[in-house]
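Structural overview for review
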Amino acid sequence: MSERGVQRLLGSVPVDEQAARRAWEIVRAAYAEREPRRSRRRRSSVALVLAAVAAAAAAAVLSPPGRAVVNAVRRSIGIEHAQPALFRLPAPGRLLVAGGSGAWIVADDGSKRRLGDYPQASWSPHALYVVAAAANELATVEPTGRVHWTLARPQIRFPRWGGTRSDTRIAYFTAGRLHIVAGDGTGDVAAQGLAAAAPVPPAWEPTTGDRHVLAYVTARGRVTVLDADSGNVQWVSAAYAGPRALAWSPDGRQLVLAGKTRVIVFDARTGRATAIRAGGVRALAFAPDGQLALLRSHEVLLRAGGLLHTLFVPPGGRLSGLVWSPDSRWLLTELPAADEWVFLQMRGGRRILAVSHIAAQFGAFPSLSGWAS
Amino acid sequence: MRPERPELDRREHVWVRDAQRGSAAALEHLFRSHWPRAYRAALLVVGDAAAAEDIAQESFLAAIRALDRFDRRRPFGPWLHRIVVNRAIDWGRARSLRRELAPEDAPEPAALERDPGGHARELAAALAELGPEHRAVIVLRYLLDYTPGEIAELLELPRGTVNSRLRRGLDRLEAVLRRETA
């Protein structure tokens, strides 16, 4: 083959314009965050500080799609590099956690406020309140800890709050049955009188305007989308084995189910399903900007370009919990065995921050419930 | 075809200078000017569209991180290409260690497979039979138009190694393309 022929052939390979657009957005964002070269003195001092912080915080390369960095992460992150305490959150917002020592709100300056003896909690749609649950009590609480109302019900699990600022609903399970109650604590009903639901947290559609649309998984593993105002079921999926997590995309167009061996992506309007082979996914988290992260016991994955890419593999131990920062720049997961939180920077830089001694700071190792602005 | 043509060099010099001073517009010029070749080079070395996007994107991010230290008297292209090709070689070497999970129902087509004429598909098959180091040398020579001496410098290889890889690479390509065509 002539050299000219090879040149012509190589030059004819098409360039993916969408990839270029995606890459430019990321490059532009990184450039915007770059410290411009103004003062040589200032730059060098900033560089020194950044270098010190990076070393202390186990800085590592982390691409937004993520795949190119798995090995770098594997090499660089480790318990010995973790900060000894949560001095501050890496992004603005308030982090809600709950567990054996109750529910807590962590402010971005690292200060913590305990809300009460609630092992489960989640934010209201605009993070003005928290819905919390003890074994036999559902409560709505202000971030200051002031209780608004309570409801006594047996074996409460998975309280989830949805709706608009003026009209909200709370879904929760009691003794395995799905209930819905208005945001002011009135009108508690057993939704549809349906059979027991699967142990998967229900999820409110985020952009329904005046309507309240809830997705949940039945005991038979069928995803059901319910108009909670009319009581009409919009669609019901086929049955999926081993459902573990359910999440809406921020634009409300997709609903994603983590099953035993697959992740199912539903068209939220029609219920049409597309499957991705990925067994063992235990948590799903959509970023406000639409990125989808998935958690397996020993890795964090990111959906990009229709594929799942391994984003983070811990040096050891099982991962649990997955939440995005409100600005979509950081992803937080937990390593309970190492008593660590791991913050993964997803945009505007490429750091990993590990924070240790989490149990000592909260009284027990908590679960991640949400990170709100 | 070379990116180091005097006119492009002059414009690039200005873009790099302005980007160092904080001009996003200048950076965009640099990006638009170099993305297609960076992406194509990565794609031809790794043969995977998603990985090529990662690699090209990461290379630009690395370039931005080092932009302040960049010597404007030197051309930007070779600097970027060195990053792209070395990352692509690393990716190719480590590929077997990585896991990817493809959708069952709608596999993402690689860019190489979208060529309607089918030549790119044959090219992908031919390149796939070469190792990443050989592919990189072919790409640097015949896509990015570097001389064997420049390739030796970029990849920190002896000149003779570059020449032998080029020769062997071309022979393999020819053999595979003949077989595919037949």
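1. Overview of the overall build of chain B
Scanning chain B from N- to C-terminus turns up eight helices and one strand. Starting at the N terminus and ending at the C terminus, chain B contains elements arranged as α-α-α-α-β-α-α-α-α. Expressed as a percentage of its 182 residues, the buried residues of chain B come to 43%. Restricting the contact set of chain B to residue pairs at least 6 apart, pairs at least 24 apart contribute 69%.

2. Remarks on the overall build of chain A
Helices and strands together make up the secondary structure of chain A, namely five helices and 28 strands. When burial is assessed residue by residue, chain A has 46% of its 373 residues classed as buried. For chain A, the share of sequence-separated contacts (at least 6 apart) that also reach a separation of at least 24 residues comes to 43%.

3. Concerning the pairing of strand 5 (residues 130–134) of chain A
Residue and element names in this part refer to chain A. Where burial is concerned, most of strand 5 is hidden: four out of the five residues are buried. As paired elements, strand 4 (residues 120–123) and strand 5 share four bridges and run antiparallel to each other. For Gln 120, the partnering residue across the bridge sits in strand 5 and is Ala 133. Between strand 4 and the antiparallel strand that follows it, strand 5, lie six residues; Ala 127 among them carries a positive phi value of about 60°. Summarising the sheet, strand 5 and strand 6 (residues 137–141) pair through five bridges and their orientation is antiparallel. Pairing of Ala 133 across the sheet is with Leu 138, part of strand 6. Counted between consecutive antiparallel strands, the loop separating strand 5 from strand 6 contains two residues.

4. Notes on the sheet that holds strand 1 (residues 94–99) of chain A
Residue and element names in this part refer to chain A. The strand order 3-2-1-28 describes an open sheet built from four strands, whose pairing is antiparallel. The sheet terminates laterally at strand 3 (112–116) and strand 28 (367–372), the two strands that pair on one side only. Adjacent strand axes in the sheet meet at a mean angle of 20°, parallel and antiparallel pairs treated alike.

5. Here's the deal with helix 2 (residues 24–46) of chain B
At B:His34, helix 2 of chain B is deflected by roughly 45°, the largest bend along its length, and proline B:Pro36 occurs up to four residues later in sequence. Positioned one or two residues after helix 2 of chain B, B:Gly47 has a phi angle of 70°, which is positive.

6. Description of the nonpolar core
By size, the foremost hydrophobic cluster in this structure holds 164 residues, and its most contacted members are A:Leu294, B:Ala41, B:Ala42, B:Ala88 and B:Val139. Leaving out residues up to four positions away in the same chain, B:Ala42 has contacts with B:Ala52, B:Ile55, B:Ala56, B:Val84 and B:Ala88.

7. Thoughts on helix 7 (residues 148–155) of chain B
Residue and element names in this part refer to chain B. The set of residues buried in helix 7 consists of Ile 151, Leu 154 and Leu 155. The arc that holds every buried residue of helix 7, seen down its axis, measures 80°, which confines them to one face. A positive phi of about 55° marks Glu 156, the residue just after helix 7.

8. Some details on the sheet that holds strand 13 (residues 213–217) of chain A
Backbone-to-backbone hydrogen bonds join strands into a sheet, with any given pair of strands oriented parallel or antiparallel. Spatial strand order, 12-13-14-15 (chain A): four strands in an open sheet with antiparallel pairing. Looking at which strands have only one partner, the edges of the open sheet turn out to be strand 12 (203–204) and strand 15 (233–239) of chain A.

9. Overview of the environment of A:Ala32
Residue and element names in this part refer to chain A. Structurally, Ala 32 is set in helix 2 (residues 17–32). Under the C-beta neighbour-count criterion, Ala 32 is labelled exposed, with 12 such atoms within 10 Å. It is 8.2 Å that separates the C-alpha atoms of Ala 32 and Gly 348, two residues lying 316 residues apart in sequence.

10. Considering the environment of B:Asp9
Residue and element names in this part refer to chain B. Its location among the elements puts Asp 9 in helix 1 (residues 6–20). Taking the number of C-beta atoms within 10 Å as the measure of exposure, Asp 9 has 15 and is therefore partly exposed. Between the alpha carbons of Asp 9 and Gly 77 there is a distance of 9.5 Å; along the sequence they are 68 residues apart.

11. Thoughts on the packing of helix 2 of chain B against helix 3 (residues 49–65) of chain B
Helix-helix packing is described using two parameters, namely the angle between the two axes and the distance between the axes. All names here are of chain B. In the contact formed by helix 2 and helix 3, the axes pass within 8 Å of each other and the chain directions differ by 135°. It follows from the interaxial angle that helix 2 and helix 3 lie oblique. Helix 3 is crossed by helix 2, and the crossing has right-handed handedness. Packed against helix 2, whose contacting residues are Phe 31, Trp 35, Ala 38, Tyr 39, Ala 42, Leu 43 and Val 46, the element helix 3 presents Ala 49, Ala 51, Ala 52, Glu 53, Ile 55, Ala 56, Ser 59 and Phe 60 at the interface. For the contact of helix 2 with helix 3, a count of residues per class yields 13 nonpolar, one polar and one charged.

12. Here's the deal with unusual backbone geometry
Residues and elements named next belong to chain A. One non-glycine residue with positive phi stands out, namely Ala 127, at about 60°. Within the element layout of this structure, Ala 127 appears in the loop between strand 4 and strand 5. For Ala 127, a count of 18 C-beta atoms within 10 Å translates into the label partly exposed. Although it is not a glycine, Asp 339 sits at a positive phi angle of roughly 60°.

13. Thoughts on the pairing of strand 6 of chain A
Consecutive side chains of a regular strand alternate in pointing toward one face of the sheet and then the other. For strand 6 of chain A, the tally of buried residues reaches four of five residues, placing the bulk of the element in the interior. Between strand 6 of chain A and strand 7 (residues 147–152) of chain A, which follow one another and run antiparallel, lie five residues, and A:Gly145 among them has a positive phi close to 105°.

14. Let's talk about the confidence of the model for chain B
Residue and element names in this part refer to chain B. In the predicted model, chain B carries a mean pLDDT of 77, and 77% of its residues have values of at least 70. At the level of individual helices and strands, chain B shows its lowest average pLDDT in strand 1 (residues 100–101), which scores 36, and its highest in helix 2, which scores 91. Of the regions scoring below 50 in pLDDT, residues 96–117 engages in 45 contacts with residues more than four places distant in sequence or in other chains. Listed scores for the predicted complex are pTM 0.56 and ipTM 0.81.

15. A few points about the confidence of the model for chain A
Averaged over all residues, the pLDDT of chain A is 82; the fraction at 70 or higher stands at 85%. Below pLDDT 50 for its whole length, residues 38–79 of chain A participates in 75 contacts with residues either more than four positions away or in separate chains.

Conventions adopted
Residues numbered from 1 in each chain as written. Chains lettered and ligands numbered in written order. Predicted model: local features only at pLDDT ≥ 70, side-chain atom pairs only at ≥ 80, totals over all residues. Helix = DSSP H or I, 4+ residues; strand = E, 2+ residues; numbered from the N terminus. Buried ≥ 20, exposed ≤ 12 C-beta atoms within 10 Å, placed from the backbone. Contact = placed C-beta atoms within 7 Å. Pairing = 2+ DSSP bridges. Axes fitted to C-alpha atoms, helices over the stretch in contact; angles between N-to-C directions. Bend = angle between axes of the 7 residues up to and from the residue. Core = buried A, V, L, I, M, F, W, Y, C linked by C-beta atoms within 7 Å. Arc of directions from axis to C-beta. Parallel < 35°, antiparallel > 145°, perpendicular 65-115°, else oblique. Left-handed = near helix turned anticlockwise from the far one by under 90°. Nonpolar A, V, L, I, M, F, W, Y, C, P; charged D, E, K, R; others polar. pLDDT = per-residue confidence, 0-100.

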